[in-house]
Amino acid sequence: MWSCIADFFSYETTKSVVVKSWTIGIINRVVQLLIFTYFIGWVFVYEKAYQVRDTAIESSVMTKVKGFGVYNDKVMDVADYVTPTQGASVFCIITKLITTENQVQGRCPESEKKYVCTDDSNCTRLGNKPGSYGILTGRCVAFNTTVNTCEIKGWCPAEIDTINSTPMMEVENFTIFIKNSIRFPTFNYTKGNFLPTITDDYIKECNFDRVNNTYCPIFRVGDVVRYAHQNFTKLADKGGVIGIKIGWMCDLDKSDEQCKPSYSFTRLDAMSQKNAVSPGYNFRFAKYYKMENGTDYRTLVKAYAIRFDVLVNGNAGKFNMIPTLINMVAAFTSIGVGTVLCDIILLNFLRGAETYKAKKFEEVSDNPVDALNHRLYRSQLSLQNDATVVNSSDLGAYSIGYYC
């Protein structure tokens, strides 16, 4: 117990020992060089750790689609195939429609095969579940001359969505106009994807491509689908979700012209391609009318569409003294890691490790008896027969070197 108390109230102070060894000297300098290279090359040059960064980008997106197509011998314009109509950052271009006309409120047979029945008992057991297109009444009624299905209460006749139709292929040549404005609030910096060199004549003629027109804000639908590595025919038939990503990576220490948008494209619903259940993208909407007698009726539309999500991200950086000083201190402190590694090698793996331990660690006691009887290592004088001790120019430091 007394030994534990004495160890607890002991004090350690640094002792400087200069080791004349090529092996440990080379390891020390190589480790320091690697740490120094990491901080200069990665932290300061690549990551720009000397800057304050703003990642809270504020953005607004306005879109406009142009083009004409033909579907079921009808000419379709923007008002027919684009929804919603506000020109927001998320919009759909309809490629295929399945319409059910003249629906009125009433009772009618279900149209899906899973509701085929032979008597009312087949439908009664499904009474606590909603039907596909209405509320089940529990009755089994004739769907046609050969098949009976369960009866529903709702909009009749029930939709039949298994009809095959050809998508509107003109969509591939439609164009999407994107106007994007961003702001970095930390620096009160505002920019838009209309670069100063863009003119009205250029806008009327250009289409975005990754070689010649990398900053044109007009995108051909077929090009966007191709850049997302998708097949347009399959996408138009089943629908899907395409992401148009606008990236703003700005170094505000450089000129304003260097802050430019970069565009990339991806399929956002990629999982639906691998899943046989509900593949692609579709939705329903209705157009409502009123008969002369006041009865409401509607045309139900199931639309297959390509949905476009315009996603904006980015960050901006500018020089600031505080992060510069913090990272410089971290760099100089980290160089000391080389000393820890070299000490491990020096005191455990090199020839003469015990000699180095004796030089590095020495136990001194204010009790003369303890000083004679309880030393951790041999004293420095007892090592003179094993090694040459040379006084260093540093106060209190010794150099150790073995004879060849």
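This structure is a prediction, so every number in the text was calculated from the model and none was measured.

## Quick notes on the state of the cysteines
Under the counting rule described, the total for this entry stands at five disulfides. Between the sulfur of Cys108 and that of Cys156 lies a disulfide, 2.1 Å long from S to S. Because the torsion about its S-S bond is -80 degrees, the bridge between Cys108 and Cys156 counts as left-handed. Here the residue Cys108 occupies a position in strand β7 (residues 90–109), and Cys156 occupies one in strand β9 (residues 148–156), the gap between them amounting to 48 residues. Each of the two residues, Cys108 as well as Cys156, counts as buried. Here Cys250 pairs with Cys259 through a disulfide, and the sulfurs are 1.9 Å apart. With the S-S bond torsion at 50 degrees, the cross-link from Cys250 to Cys259 turns out right-handed. Among the residues examined, Cys250 registers a relative accessible area of 2% and is labelled buried. The buried category is assigned to Cys259, whose relative accessible area is 3%. Once the disulfide-bonded cysteines of the chain are ranked by sequence position, their pairing pattern turns out to be 1-6, 2-4, 3-5, 7-8, 9-10.

## Quick look at the environment of Leu195
With respect to the helices and strands, the residue Leu195 is situated in the loop between β11 (189–192) and α5 (200–205). Between the alpha carbons of Leu195 and Tyr215 there is a distance of 7.6 Å; along the sequence they are 20 residues apart.

## As for the pattern of salt bridges
According to the stated counting rule, one finds 14 salt bridges in the structure shown. Glu112 is paired through a salt bridge with Lys114; the nearest N and O atoms lie 3.9 Å apart. Accessibility expressed as a relative area gives 24% for Glu112, which makes it partly exposed. Several salt bridges converge on common partners, so that one network encompasses Glu159, Asp161, Arg284 and Lys302.

## Regarding the packing of helix α9 (residues 321–335) against helix α10 (residues 337–348)
Running from N to C, α9 and α10 cross one another at 10 degrees; their axes reach a closest spacing of 4 Å. Compared by their axis directions, α9 and α10 come out roughly parallel. Residues Thr333, Ser334 and Ile335 of α9 lie in contact with α10, whose contacting residues are Val337, Gly338 and Thr339. Tallied by class, residues from the contact of α9 with α10 come to two nonpolar, four polar and no charged.

## Brief notes about the packing of aromatic side chains
Aromatic ring pairs: the centre-centre distance and the angle between the two ring planes describe each pair. Applying the stated criterion across every chain, the model contains 18 aromatic pairs. Centre to centre, the rings of Phe177 and Phe194 are 5.8 Å apart; their planes meet at 70 degrees, and the pair counts as edge-to-face. Of the two residues, Phe177 is situated in strand β10 (residues 175–184) and Phe194 in the loop between β11 and α5; the sequence distance between them amounts to 17 residues. The interplanar angle of 70 degrees and the centroid separation of 5.0 Å between the aromatic rings of Phe219 and Tyr263 together place this pair among those described as edge-to-face. Highlighted residues: Phe219 in strand β12 (residues 218–220) and Tyr263 in strand β14 (residues 261–267), separated in sequence by 44 residues. In this structure Phe219 comes out as buried when scored by relative accessible area, which is 1%. Across the ring face of Tyr304, the terminal group of Lys96 is positioned such that the distance to the ring centre comes to 4.5 Å. Against the face of Tyr227 rests Arg210, its NZ or CZ located 4.5 Å from the ring centre.

Parameters and conventions
- Residue numbers run consecutively from 1 along every chain, following the written order of its sequence.
- Local features in a predicted model are, by the rule used here, given only for residues with pLDDT of at least 70; side-chain atom pairs are given and counted only at 80 or more, and totals for whole chains, interfaces and linings are based on all residues.
- Only hydrogens and water are removed before side-chain values are computed, so all heavy atoms of the structure are retained for them.
- Cysteine sulfur pairs qualify as disulfides if the two atoms are within 2.5 Å.
- Going along the chain from the N terminus, every DSSP run of H or I of four or more residues is numbered as a helix, and every run of E of two or more is numbered as a strand.
- Note on exposure labels: buried denotes an accessible area under 20% of the residue type's maximum, exposed denotes more than 50%, and partly exposed covers the range between, all computed with a 1.4 Å probe on protein chains only.
- Any carboxyl oxygen of Asp or Glu that lies within 4 Å of a side-chain nitrogen of Lys or Arg is treated as forming a salt bridge with it.
- The axes used here are C-alpha line fits, helices contributing only the stretch in contact, and every angle between their N-to-C directions lies in the interval 0 to 180 degrees.
- To sort the angles, those under 35 degrees are grouped as roughly parallel, those over 145 as roughly antiparallel, those from 65 to 115 as roughly perpendicular, and the leftovers as oblique.
- Contact criterion: two residues are considered in contact whenever any of their non-hydrogen atoms come within 4.5 Å of each other.
- Under the convention adopted here, Pro, Cys and the residues Ala, Val, Leu, Ile, Met, Phe, Trp and Tyr are nonpolar, Asp, Glu, Lys and Arg are charged, and Gly plus all remaining residues are polar.
- Pairing of aromatic rings covers Phe, Tyr and the six-membered ring of Trp, with a centre-to-centre limit of 6.5 Å; geometry is then stacked below 30 degrees between planes, edge-to-face above 60, and tilted otherwise.
- Whether a charge sits over a ring comes down to the Lys NZ or Arg CZ being within 6 Å of the ring centre and within 35 degrees of the ring normal.

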